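# Summary of the model geometry
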Amino acid sequence: MSKASSLRPILSERPKSNPPRRGVLFVLSGPSGVGKSTLCRRLVRHVPGLRFSVSYTTRSARPGEQEGVDYHFVSERVFRKLQKKGEFLEWARVDGQLYGTSRAQVNRSLRRGEDVLLDIDTQGAEQVRRSVADAVFIFMLPPDPAALRERHRRRGTDPRARARRLELARCEVLQSERYDYLVFNAHLESACRDLKSIIFAERCRTRRQRPRARRVLQTFRKGTPE
Ligand code: ADP
Ligand code: 5GP
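The following refers to the structure shown.

Thresholds applied
- Residues numbered from 1 in each chain as written.
- Chains lettered and ligands numbered in written order.
- Predicted model: local features only at pLDDT ≥ 70, side-chain atom pairs only at ≥ 80, totals over all residues.
- Heavy atoms only, no water.
- Helix = DSSP H or I, 4+ residues; strand = E, 2+ residues; numbered from the N terminus.
- Buried < 20%, exposed > 50% of the residue type's maximum accessible area, 1.4 Å probe, protein only.
- Contact = heavy atoms within 4.5 Å.
- Axes fitted to C-alpha atoms, helices over the stretch in contact; angles between N-to-C directions.
- Left-handed = near helix turned anticlockwise from the far one by under 90°.
- Pairing = 2+ DSSP bridges.
- Near = heavy atom within 4 Å.
- Polar contact = N/O pair within 3.5 Å; in protein donor to acceptor, adjacent residues only side chain to side chain.
- Areas by Shrake-Rupley, 256 points an atom, 1.4 Å probe, with all protein chains shown as cover.
- Patch = residues over 30% accessible without salt bridge, like charges linked within 9 Å, V, L, I, M, F, W, Y side chains within 5 Å.
- Salt bridge = Lys/Arg side-chain N within 4 Å of Asp/Glu carboxyl O.

## Considering the overall build of the chain
- What the chain contains, in helices and strands, is nine helices and nine strands.
- With 226 residues in all, the chain has 40% of them scored as buried.
- In the chain, the share of contacts with a sequence separation of at least 24, taken over all contacts with a separation of at least 6, comes to 68%.

As structure tokens, this is what we get:
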């Protein structure tokens with residue numbers, strides 16, 4: 001049997017009338033330079049069914065960053081226009097620049113049953129907390145402040161921006177208690193493993209599995225399955 005035909009029964013297992021479960025919204029925050037973007041990139045490569053939400057920002061691209069992959073880089077005028085039209089699920093000003101999450105992009109993925117990962121600051125997370133029931137909030141911490149300084153230095157952040165961002169980090173970490181999960185990013189591998197564990201465990205929550213479980217439970221009511 002060819003590989004494609006052997007997969008067919010599995011792919012057609014879900015009858016067309018059963019819509020996919022709604023995806024889960026994962027919100028990741030943490031001080032600038034802690035490793036959020038690095039880990040988001042890794043996670044979407046390693047976790048099937050997980051999408052990264054590409055934010056809009058007015059800041060300019062760093063070397064190596066790509067339009068539409070890391071961010072949608074727009075002018076302040078365009079950002080304000082989108083904001084006026086209600087296109088943002090949340091938005092905030094961070095270190096003098098505007099950042100926002102596309103409501104349409106997130107909803108489209110969640111409706112399709114894809115889980116969505118947001119890398120946003122604590123102000124944005126607070127807005128999501130108020131507007132999205134059932135989102136999962138994860139905060140990332142460095143092993144110590146010196147590691148954060150060193151990561152900024154290695155990323156090539158200029159000294160003035162680095163000082164501003166480290167000052168912001170002081171306020172951001174105070175919010176960590178409001179999050180459902182804390183992940184320490186001392187080593188990339190273990191931080192990635194912790195994030196994956198959170199995602200897989202959240203997917204298995206009874207309330208998220210209910211539509212699928214209901215179908216299985218029905219077959220038990222009809223008689224013991226063979
Ligand atoms: P953020 O998105 O939180 O601002 P980045 O993902 O851009 O942070 O990471 C900042 C820098 O730290 C990058 O140079 C990245 O390669 C590095 N980095 C991330 N995680 C680790 C880690 N566990 N150990 C060492 N360096 C790391
Ligand atoms: P950076 O400029 O280092 O990429 O990001 C600076 C901060 O902005 C980080 O804390 C990051 O999480 C946050 N950020 C990125 N995109 C968004 C967004 O769409 N909304 C909000 N509120 N914050 C964002």
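## Quick word on the packing of helix α6 (residues 145–155) against helix α7 (residues 159–173)
- Contact geometry of α6 with α7 gives a least axis separation of 11 Å together with a crossing angle of 145°. Classified by chirality, the crossing of α7 by α6 is right-handed. Contacts from Leu 148, Arg 149, His 152, Arg 153 and Arg 155 of α6 reach α7 at Arg 162, Arg 165, Leu 166 and Ala 169.

## With respect to the sheet that holds strand β9 (residues 181–184)
- The sheet built from five strands is open, its strands ordered β2-β7-β1-β8-β9 with parallel pairing. Whereas interior strands pair on both sides, the edge strands pair on one side only; in this sheet they are β2 (50–52) and β9. Averaged over neighbouring strand pairs, the angle between their axes works out to 25° when direction is ignored.
- The strands touched by helix α4 (residues 103–112) within the sheet are β1 (25–29), β2 and β7 (115–119), with β7 carrying the most contacts at an inclination of about 150°.

## Observations regarding the site of ligand 2
- Around ligand 2 sit 16 residues in total, of which Ser 55, Arg 59, Tyr 71, Tyr 99 and Asp 119 are the nearest.
- Take Gly 100: an N or O atom from its main chain is 3.2 Å from an oxygen atom of ligand 2.
- At 3.3 Å, a side-chain N or O of Thr 101 approaches an oxygen atom of ligand 2.
- The fraction of the free accessible surface of ligand 2 (510 Å²) that becomes covered by protein chains is 96%.

## Thoughts on a nonpolar patch on the surface
- A cluster of nonpolar residues, Val 216, Leu 217 and Phe 220, forms a patch on the protein surface that exposes about 290 Å² of accessible area.
- Its relative accessible area of 46% is what places Leu 217 among the partly exposed residues.

## Digging into the pairing of strand β6 (residues 97–102)
- By the criterion of burial, β6 is predominantly enclosed, with five of the six residues buried.
- Across two bridges, strand β3 (residues 55–57) lies against β6 in antiparallel orientation. In the strand pairing of β6, Tyr 56 is matched with Gly 100.
- Alignment of strand β5 (residues 88–94) against β6, held across six bridges, turns out to be antiparallel. Counted as the bridge partner of Trp 91 is Gly 100 from β6.

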